[in-house]
Amino acid sequence: MSTGPNAPADTTATGEPAAPAEPPRRIRALHTERTVTVYQAYAPALGVPAARDGRFPAAWKRERMTWIKPSFLWMMYRCGWGTKADQETVLAIEIDRTGFDWALRNACLSHYDSAEHPDRRAWQRQLKRSSARVQWDPERDLRLQQLPYRSLQLGLAGEASRCYADEWTVAITDVTPLAHEIHALVRSGDTAAAAALLPEERPYPAPEGTPALS
């Protein structure tokens, strides 16, 4: 097997098989046959009782748009490893895949895309009807730097938000200590140990109709 600068494209410089290229957009998530895990971060006054009781408390505003992230590292980017104000409690929310898939099938892109919509007015009409929003954001590495491919953010409002809080949620776990532990390892330079603690996120079989999944 040849090595070095003239090695075939499907091998590394040392002759080892290269990792398969990531598609431009993909849902990567910790999931089982029944559930998928997403992440959110809240102030302790809301996050602590949610984790304790395994459900969102009455103070969780079901009428507002909420954004869920299947990517742990994107959540760390968003909440600063659980250090940003009102995002100090990082939650792993295990939800029913049936509900998650329903939201994806019925979602609209959060922004206008001429490849997805015939015109801007059509997108605006779809956005107004839909209770779910799909947004594709750059995935992050352990140092929270952008990677050249994107992961899902899913916004839920109205019916979808209420179902998420009161029907789809199976379990809620406080993973703030895990976030802090991984962050400490990254800061110390031990990225191998940090990577070993990350949730095992695998490609998720998104349902047909998931917006802009190509």
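None of the values given here were measured: they were computed from a predicted structure.

**Thoughts on the sheet that holds strand E5 (residues 108-109)**
Taken together, the four strands give an open sheet; going across it, the order is E3-E7-E6-E5, and neighbouring strands pair in mixed fashion. Looking at which strands have only one partner, the edges of the open sheet turn out to be strand E3 (66-68) and E5. Helix H3 (residues 97-105) rests against E3, strand E6 (132-140) and strand E7 (146-156) of the sheet, and its axis sits at about 100° to E7. Against the sheet, helix H5 (residues 158-168) engages E3 and E7, with an angle of about 85° to E7.

**As for the layout of surface pockets**
Where empty space is left in the structure can be found by rolling a water-sized probe over the atoms. Approximately 450 Å³ is the volume found for the largest pocket. Contributing to the lining of the largest pocket are 17 residues, with Ala-41, Tyr-42, Arg-64, Met-65 and Thr-66 lying nearest its centre. When grouped by side-chain class, the residues that make up the lining of the largest pocket number eight nonpolar, four polar and five charged. In this structure, the second largest pocket occupies an estimated 210 Å³ of space. Lining the second largest pocket are Glu-22, Arg-28, Ser-71, Phe-72, Leu-73, Glu-139, Arg-140, Leu-147, Tyr-149, Leu-198, Pro-199 and Glu-201.

**Things to note about empty space enclosed by the protein**
For the structure shown, the criterion picks out one cavity of 30 Å³ or more. One number sums up the size of the largest cavity: a volume of about 30 Å³. Forming the walls of the largest cavity are Lys-69, Ser-71, Trp-74, Asp-137, Ser-151, Leu-152 and Gln-153. Top element by residues in the lining of the largest cavity is E7. It accounts for three residues.

**Some points on the state of the cysteines**
By the definition in use, this model includes zero disulfides. Here Cys-108 is not disulfide-linked; the sulfur of Cys-163 is the nearest cysteine sulfur, at 19 Å.

**Structural notes on the packing of aromatic side chains**
Geometrically, a pair of aromatic rings is defined through the distance of the ring centres and the angle of the planes. One pass over the full model with this rule turns up nine aromatic pairs. Centre to centre, the rings of Trp-74 and Tyr-77 are 5.6 Å apart; their planes meet at 70°, and the pair counts as edge-to-face. Here Tyr-77 and Trp-74 lie together in helix H2 (residues 72-79), a separation of three residues that amounts to about one turn. The buried category is assigned to Trp-74, whose relative accessible area is 8%. Through successive ring pairs, a cluster of aromatic residues spans Tyr-42, Phe-56, Trp-60 and Tyr-164.

**Some thoughts on the sheet that holds strand E2 (residues 35-42)**
Taken together, three strands build an open sheet; the order of strands is E2-E4-E8 and the sheet is antiparallel. For this open sheet the edge positions go to E2 and strand E8 (169-174), each flanked by a neighbour on one side alone. In this sheet, adjacent strand axes meet at a mean angle of 25° when their direction is disregarded. Examined bridge by bridge, strand E4 (residues 89-96) and E8 share five bridges and lie antiparallel to one another. Counted as the bridge partner of Leu-91 is Asp-174 from E8.

How each quantity is defined
- Counting of residues starts from 1 at the beginning of each chain's written sequence and follows it residue by residue.
- Confidence filtering applies because this is a predicted model: local features only for residues at pLDDT of at least 70, side-chain atom pairs given and counted only at 80 or more, and all residues used for totals across whole chains, interfaces and linings.
- Calculation of side-chain values draws on the structure's entire complement of heavy atoms; hydrogens and water are dropped beforehand.
- DSSP-based pairing: two strands are paired if at least 2 bridges between them are found.
- In DSSP terms, a helix is any run of H or I states spanning at least four residues, a strand is any run of E spanning at least two, and both are numbered starting from the N terminus.
- Any two residues having at least one pair of non-hydrogen atoms within 4.5 Å are treated as being in contact.
- In this analysis an axis means a line fitted to C-alpha atoms, helices contributing only their contacting stretch, and an angle means the value between N-to-C directions, from 0 to 180 degrees.
- Computed over the protein atoms alone on a 1 Å grid, cavities are sets of points where a 1.4 Å probe fits but cannot get out and pockets are open sets with protein on both sides within 12 Å along at least five of seven lines; a residue lines them when it has an atom within 4 Å of a point.
- Grid points are joined across faces, edges and corners, and a volume is the space filled by probe spheres set on the points.
- Classification convention: Asp, Glu, Lys, Arg as charged; Ala, Val, Leu, Ile, Met, Phe, Trp, Tyr, Cys, Pro as nonpolar; all other residues, Gly among them, as polar.
- The disulfide criterion used throughout: a pair of cysteine sulfur atoms within 2.5 Å.
- Stacked, tilted and edge-to-face are the three classes applied to pairs of Phe, Tyr and Trp rings, where Trp contributes its six-membered ring and a pair requires centres within 6.5 Å; stacked means planes under 30 degrees apart, edge-to-face means over 60, and tilted covers the rest.
- Categorising residues by exposure relies on relative accessible area from a 1.4 Å probe, with only protein chains included: less than 20% of the type maximum marks a residue as buried, more than 50% marks it as exposed, and the intermediate range marks it as partly exposed.

So, to be careful, I would describe these as geometric facts and stop short of saying anything about function.
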